[in-house]
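Report on the structure
The primary structure of each chain is shown beneath.
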Amino acid sequence: MTVAKLIEALASMPKDAIVLMDSGAGLSRVDALELVAEQGPGAPAEVILQPSLDE
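Residues numbered from 1 in each chain as written. Predicted model: local features only at pLDDT ≥ 70, side-chain atom pairs only at ≥ 80, totals over all residues. Heavy atoms only, no water.

Moving on to the overall build of the protein. Of regular secondary structure, the protein possesses one helix and three strands. Taken over the C-alpha trace, the protein has a radius of gyration of 13 Å; the compact-globule value for 55 residues is 10 Å, which it surpasses by more than 25%. In terms of overall dimensions, the protein has C-alpha extents of about 35 × 25 × 15 Å along its principal axes. Residues counted as buried form 5% of the 55 residues belonging to the protein. Carbon together with sulfur atoms contributes 59% to the accessible area of the protein, which is approximately 4800 Å² in total. (Helix = DSSP H or I, 4+ residues; strand = E, 2+ residues; numbered from the N terminus. Rg over C-alpha atoms; globule rule 2.2 N^0.38 Å. Buried < 20%, exposed > 50% of the residue type's maximum accessible area, 1.4 Å probe, protein only. Areas by Shrake-Rupley, 256 points an atom, 1.4 Å probe, with all protein chains shown as cover.)

Laid out in structure tokens, this is it:
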């Protein structure tokens, strides 16, 4: 999924909804985003969703 597709999908949802992600042992809130720049020719930049560690 691209950032544009993610934004489009999220834009259609309630503004106060909580974003969750599968963390292996269950669901965790998304706490932060990390941008990884392009790592070479043909490699796209990546956005990594970071789970909350408070749960």
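Still more to cover.
A word on the pairing of strand E2 (residues 27-36). Here three bridges tie strand E1 (residues 20-22) to E2, and the two strands are oriented antiparallel to one another. By the bridge assignment, Met21 is partnered in E2 with Ser28. Where E2 lies against strand E3 (residues 46-51), six bridges are found, and the strand directions are antiparallel. Pairing of Val30 across the sheet is with Pro51, part of E3. (Pairing = 2+ DSSP bridges.)

Our next topic: the confidence of the model for the protein. Here the protein averages 90 in pLDDT, and 98% of its residues register 70 or above. The element-level mean pLDDT for the protein is lowest in E1, coming to 91, with helix H1 (residues 3-11) highest at 94. (pLDDT = per-residue confidence, 0-100.)

Among the surface-exposed residues, Val3, Ile7, Leu33, Leu35, Val47 and Leu49 lie close enough to one another that they form a single nonpolar patch of about 570 Å² accessible area. Of all elements in the fold, only H1, E2 and E3 reach the threshold of two or more residues within the nonpolar patch. By the secondary structure assignment, Val3 is in helix H1. (Patch = residues over 30% accessible without salt bridge, like charges linked within 9 Å, V, L, I, M, F, W, Y side chains within 5 Å. Salt bridge = Lys/Arg side-chain N within 4 Å of Asp/Glu carboxyl O.)

Mapped onto the elements, Val30 comes out in strand E2. Judged by its relative accessible area of 24%, Val30 is partly exposed. Along the chain, Val30 and Val19 lie eleven residues apart, while their C-alpha atoms are 5.8 Å from each other. Beyond its immediate chain neighbours, meaning those up to four positions away, Val30 contacts Val19, Leu20, Met21, Leu49 and Gln50. (Contact = heavy atoms within 4.5 Å.)

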